[in-house]
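Chain by chain, the residues run as shown.
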Amino acid sequence: MKFTSDLTSPLIIAHRGFRSKYPENTLTAFEAAIDAGAKMIELDVTLSKDREVIVIHDDTLDRTTNGKGPVKKYSLAELKRLDAGSWFDSSFKGEQIPTLGQVLDLIKNRILLNIEIKKSAYESDSPNDAIEKQVAGLVSMAGCLDSVLFSSFEPAILKSIVKIENRSRIALLTEKPLAKKTWEFCKDLTPFSWNPDYRSVTEGRVQEMHGKNIRVFPYTVNSLSDAKRLVEMGVDGFFTDDPALMISLLF
Ligand code: G3P
Ligand code: MG
């Protein structure tokens, strides 16, 4: 699937994969999201000690693996030895932390992909192997530019992505109501979407974004009442931990 295809609305985005039923940010959770009929997968990327692009949400290993401490203190080989499935359920024992390359290989343009580059991985001195440079390179090497949306809570990362490849689609990711300063920094990057915390979305803001040809994809929506309220406000899609449930309720 590509962004140039006819996209259904609302676009159901599987947050960290099919996270409510599978261990988040694993190949199994991504495959399950595709099976469930989600239209886009969201994942989080950061760097290992040896600067490989890996897929994990937290800056520490403790919650989602049997490892301990900061992710960045471990090499890819060390991270690959960890179990990223048992914490969720013993039936997922042996699930590994994936690399971004593995995910791109797995999905092969079958579904849209939102790559969230962790703010904590940002380096202001922008080395040659900075995370955003590596991510842009991996996506373009895999031939996936037309099915990827890049996002980050760090606007400088988005600026850098557009500088590397100006056809990149970027999403302005915000935690709080959109600050004027953030908008001023990002507006010239012509964002594809605004991805806000769903609690900060107003109908006026949705209309304002649509007036600028920017889509609105709030995160993370897990109740039918919130989903309906947001759809009535006109959002173009939303992130959810349970894509199967949202598809069964809305379509
Ligand atoms: O990109 C939407 C959402 O994933 C942002 O928050 O903390 O789940 O990465 P978080
Ligand atoms: Mg995320």
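What this report covers is the structure whose coordinates are included nearby. (Residues numbered from 1 in each chain as written. Chains lettered and ligands numbered in written order. Predicted model: local features only at pLDDT ≥ 70, side-chain atom pairs only at ≥ 80, totals over all residues. Heavy atoms only, no water.)

1. Structural notes on the coordination of the magnesium ion (ligand 2)
Threshold: Because no water is among the atoms considered, metal sites can look incomplete, with donors defined as N, O and S atoms within 2.8 Å of the metal, or 3.2 Å for Na, K and Ca. Strands here mean DSSP runs of E at least two residues long; helices mean DSSP runs of H or I at least four residues long; both are numbered from the N terminus. Partly exposed residues are those whose accessible area sits between 20% and 50% of the maximum for their type, while under 20% is buried and over 50% is exposed, using a 1.4 Å probe and protein chains only.
With distances of 2.0 to 2.2 Å, the protein atoms coordinating the magnesium ion (ligand 2) are Glu42 (OE), Asp44 (OD) and Glu116 (OE). Of note, the magnesium ion (ligand 2) draws all its donor residues from one chain, in the sequence arrangement E-x1-D-x71-E. In this pair, Glu42 sits in strand 2 (residues 40-47) while Glu116 sits in strand 4 (residues 112-117), placing the two residues 74 residues apart along the sequence. Side by side, Glu42 and Glu116 carry an identical accessibility label, which is buried.

2. Things to note about the pattern of salt bridges
Just so we agree on the cut-off: Any carboxyl oxygen of Asp or Glu within 4 Å of a side-chain nitrogen of Lys or Arg constitutes a salt bridge here.
According to the stated counting rule, one finds 17 salt bridges in the structure shown. A salt bridge links Arg19 to Asp241, with the shortest nitrogen-to-oxygen separation between them at 3.3 Å. Of the two residues, Arg19 sits in the loop between strand 1 (11-15) and helix 1 (27-36) while Asp241 sits in the loop between strand 9 (237-240) and helix 9 (243-250), which places them 222 residues apart along the sequence. Across the pair Glu31 and Arg110 runs a salt bridge whose closest N-O atoms are separated by 3.0 Å. Taken as a pair, Glu31 in helix 1 and Arg110 in the loop between helix 3 (100-107) and strand 4 lie far apart in primary sequence, 79 residues in all. Classification of Glu31 by relative accessible area gives partly exposed; the value is 25%. The network of salt bridges with shared partners includes Arg16, Arg19, Glu24, Asp44, Asp58, Arg63 and Asp241.

3. Considerations on empty space enclosed by the protein
The line we're drawing: A cavity here means a set of points on a 1 Å grid, drawn over the protein atoms and nothing else, where a 1.4 Å probe fits but cannot get out; a pocket is an open set with protein on both sides within 12 Å along at least five of seven lines, and a residue lines either one if it has an atom within 4 Å of a point. Grid points are joined across faces, edges and corners, and a volume is the space filled by probe spheres set on the points. Ten residue types, Ala, Val, Leu, Ile, Met, Phe, Trp, Tyr, Cys and Pro, are classed as nonpolar, four, Asp, Glu, Lys and Arg, as charged, and the remainder, Gly among them, as polar.
In total, this model carries one cavity of 30 Å³ or more according to the counting rule given. Taken as a whole, the largest cavity spans an internal volume of roughly 70 Å³. Around the largest cavity sit 13 residues that line it, and Glu24, Asn25, Ile56, Thr64 and Ala84 are the ones nearest its centre. Each residue belonging to the lining of the largest cavity can be placed in one class, and the counts come to six nonpolar, six polar and one charged.

4. With respect to the site of ligand 1
Just so we agree on the cut-off: One heavy atom within 4 Å of a molecule or strand makes the whole residue count as near it. Under this definition, polar contacts are N or O atom pairs within 3.5 Å; protein pairs additionally need one hydrogen-donor-capable and one acceptor-capable atom, and for neighbouring residues in sequence, both atoms have to be side-chain atoms. For accessible areas, the Shrake-Rupley method is used with a probe of radius 1.4 Å. Any residue's cover is judged against the shown protein chains and nothing else.
In the vicinity of ligand 1, the contacting residues are His15, Arg16, Glu42, Asp44, His57, Glu116, Phe153, Leu173 and Tyr219. Between ligand 1 and the protein, one listed contact pairs an oxygen atom with a side-chain N or O atom of Arg16 at 2.8 Å. Between ligand 1 and His57 there is a distance of 2.7 Å, counted from an oxygen atom to a side-chain nitrogen or oxygen. Compared with its free state, where it exposes 300 Å², ligand 1 has 89% of that area covered by protein. Broken down by class, the residue content of the shell around ligand 1 amounts to three nonpolar, two polar and four charged.

5. Topic: the environment of Ser225
Tracing the backbone through its elements, the reader meets Ser225 in helix 8 (residues 224-233). Considered as a pair, Ser225 and Leu11 are 214 residues apart in the sequence and their alpha carbons are 17 Å apart. A distance of 3.2 Å separates polar atoms of two side chains, one belonging to Ser225 and the other to Ser223.

6. Considering the nonpolar core
The test is simple: Among buried residues, the Ala, Val, Leu, Ile, Met, Phe, Trp, Tyr and Cys ones that are joined through side-chain atoms within 4.5 Å form a nonpolar core. Here a residue-residue contact requires only that any non-hydrogen atoms of the pair lie within 4.5 Å.
Formed by 36 residues in total, the largest nonpolar core has its most connected members in Leu43, Val45, Ile115, Val135 and Val139. Taken together, the elements giving at least two residues each to this core come down to helix 1, strand 2, strand 3 (53-55), helix 3, strand 4, helix 4 (131-141), strand 5 (148-152) and helix 5 (155-164). The contact partners of Val45, leaving out residues within four places of it in the chain, are Val53, Ile54, Val55, Ile56, Leu100, Ile115, Glu116, Ile117, Lys118, Ile131 and Val135. In terms of nonpolar packing, the next biggest core, distinct from the first, is built from 19 residues, Ile12, Cys186, Ile214 and Met233 among them.

7. Some words on helix 8
We count it as follows: An arc is given here, and it is the one of the directions from the helix axis to the C-beta atoms.
Buried within helix 8 are the following residues: Asp226, Ala227, Leu230 and Met233. What you see down the axis of helix 8 is that its buried residues fit within an arc of 125 degrees, all on one side. Facing away from the buried side of helix 8, by more than 90 degrees, are the exposed residues Ser225 and Glu232. Buried residues along helix 8 sit against helix 7 (203-211), strand 9 and helix 9. Where helix 8 ends, the next residue or the one after it, Gly234, has phi of about 100 degrees, a positive value.

8. With respect to unusual backbone geometry
The step from Ser9 to Pro10 runs through a cis peptide bond, and the omega angle for that step is -5 degrees. Examined against the element boundaries, Pro10 turns out to sit in the segment before strand 1. With an omega dihedral of -25 degrees, the bond running from Tyr219 to Thr220 counts as a cis peptide bond. Inspection of the secondary structure puts Thr220 in the loop between strand 8 (215-216) and helix 8. In this structure, Thr190 takes a positive phi of about 40 degrees despite not being glycine. Among the secondary structure elements, Thr190 is positioned in the loop between helix 6 (180-186) and strand 7 (193-196).

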